[in-house]
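The lines below spell out each chain.
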Amino acid sequence: MRIGNGVDVHELVFGRPLILGGVRLPSDLGLAGHSDADVVCHALMDALLSAARLPDIGELFPDSDPSLEGARSLDLLARVARKLDEAGFRVVDCDVTLCADAPKVAPYKREMRGNIARALGVSPDRVGLKATTFEGLGFVGAKEGMAAIATCLLGEIASETPHA
Ligand code: MG
């Protein structure tokens, strides 16, 4: 088993869609970024890549790459899943905490988990997702931005093959 964690932060601004876990939520504010700025997917990608000891998303998907402008982070997550597979790892479990004071995420959690599970090629029960508020404190509480924290467990495919 390998373990990884990832953290990401994006600023909330007017005039951007709010995409979380591949779901567009109704909101006057959206996250700023080069891609769709899906902070949930970004934290999770960094956890997965770290567990596999692969380069992080800043190296894999740099802001300077014009082909990634407006990229769907769910697609990038699927690309990370392929990299894990090539490196000999499978996703055993993952869990993400979104830090956001608004909007309410609960009605969308199921769809977000389904999107993430599909991108990773695992069943939705392998994907944990919850949201917490910061009770009005700090940049999350002031709705200046959102953060996400992710943890994952990877299994080494080769080590699970029975010895002849
Ligand atoms: Mg990011």
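Not measured: the values here are computed from a predicted model. (Residues numbered from 1 in each chain as written. Predicted model: local features only at pLDDT ≥ 70, side-chain atom pairs only at ≥ 80, totals over all residues. Heavy atoms only, no water.)

Regarding a nonpolar patch on the surface
A surface patch of nonpolar side chains, about 330 Å² in accessible area, is lined by V7, V9, F139 and I149. As for its placement among the helices and strands, V7 is situated in strand β1 (residues 2-14). (Patch = residues over 30% accessible without salt bridge, like charges linked within 9 Å, V, L, I, M, F, W, Y side chains within 5 Å. Areas by Shrake-Rupley, 256 points an atom, 1.4 Å probe, with all protein chains shown as cover. Salt bridge = Lys/Arg side-chain N within 4 Å of Asp/Glu carboxyl O. Helix = DSSP H or I, 4+ residues; strand = E, 2+ residues; numbered from the N terminus.)

Quick notes on the coordination of the magnesium ion
Listed as protein donors to the magnesium ion are D8 (OD), H10 (NE2) and H42 (ND1); their distances from the metal cover 2.2 Å. When the donor residues of the magnesium ion are listed from N- to C-terminus, their spacing reads D-x1-H-x31-H. Note that D8 is positioned in strand β1 and H42 in helix α1 (residues 39-51), a separation of 34 residues in sequence. The pair D8 / H42 is uniform in exposure class, with both members buried. (Donors = N, O, S within 2.8 Å, 3.2 Å for Na, K, Ca; no water. Buried < 20%, exposed > 50% of the residue type's maximum accessible area, 1.4 Å probe, protein only.)

Some words on the environment of I57
Structurally, I57 can be placed in helix α2 (residues 57-60). The spacing of I57 and L76 is 19 residues in sequence and 9.2 Å in space, taken between C-alpha atoms. Excluding anything up to four places from it in sequence, I57 contacts H42, M45, D46, L49 and P62. (Contact = heavy atoms within 4.5 Å.)

Observations concerning the packing of α1 against helix α3 (residues 73-86)
It is at 10 Å that the axes of α1 and α3 come closest, and there the two elements cross at 10°. Taken as axis vectors, α1 and α3 run roughly parallel relative to one another. Facing C41, H42, L44, M45, L48 and L49 of α1, the residues of α3 in contact are S73, L74, L76, L77, V80 and L84. A class-by-class count of the residues in the contact of α1 with α3 yields ten nonpolar, two polar and no charged. (Axes fitted to C-alpha atoms, helices over the stretch in contact; angles between N-to-C directions. Parallel < 35°, antiparallel > 145°, perpendicular 65-115°, else oblique. Nonpolar A, V, L, I, M, F, W, Y, C, P; charged D, E, K, R; others polar.)

Topic: the nonpolar core
If you look at the biggest cluster of nonpolar residues, it comprises 49 residues, and the most contacted ones within it are L20, L48, L77 and L120. It is α1 that provides the largest number of residues to this core, a total of ten residues. Setting aside residues no more than four positions away along its own chain, L120 makes contact with L44, L48, L77, A81, V91 and C94. (Core = buried A, V, L, I, M, F, W, Y, C linked by side-chain atoms within 4.5 Å.)

With respect to α1
Its 13 residues give α1 an end-to-end C-alpha distance of 18 Å, which sits within 8% of 18 Å, the value for a rise of 1.5 Å per residue. In terms of burial, α1 is largely enclosed, as twelve of its 13 residues are buried. Within the span of α1, buried status applies to V39, V40, C41, H42, A43, L44, M45, D46, A47, L48, L49 and A51. Looking at the residues trailing α1, positive phi occurs at R53, about 60°. (Expected span 1.5 Å × (residues − 1).)

Quick notes on the sheet that holds strand β6 (residues 127-132)
One open sheet accounts for five strands, arranged β4-β1-β7-β5-β6; its pairing is mixed. Because the sheet does not close on itself, it has two edges, and the strands there are β4 (29-31) and β6. For this sheet, the mean angle separating the axes of adjacent strands, direction not counted, is 20°. Relative to β4, β1 runs antiparallel, the two sharing three bridges. The residue bridging F14 from the neighbouring strand is L29, located in β4. The sheet contacts of α1 involve β1, β4, β5 (89-99), β6 and β7 (145-156), and relative to β1 the element is tilted by about 155°. (Pairing = 2+ DSSP bridges.)

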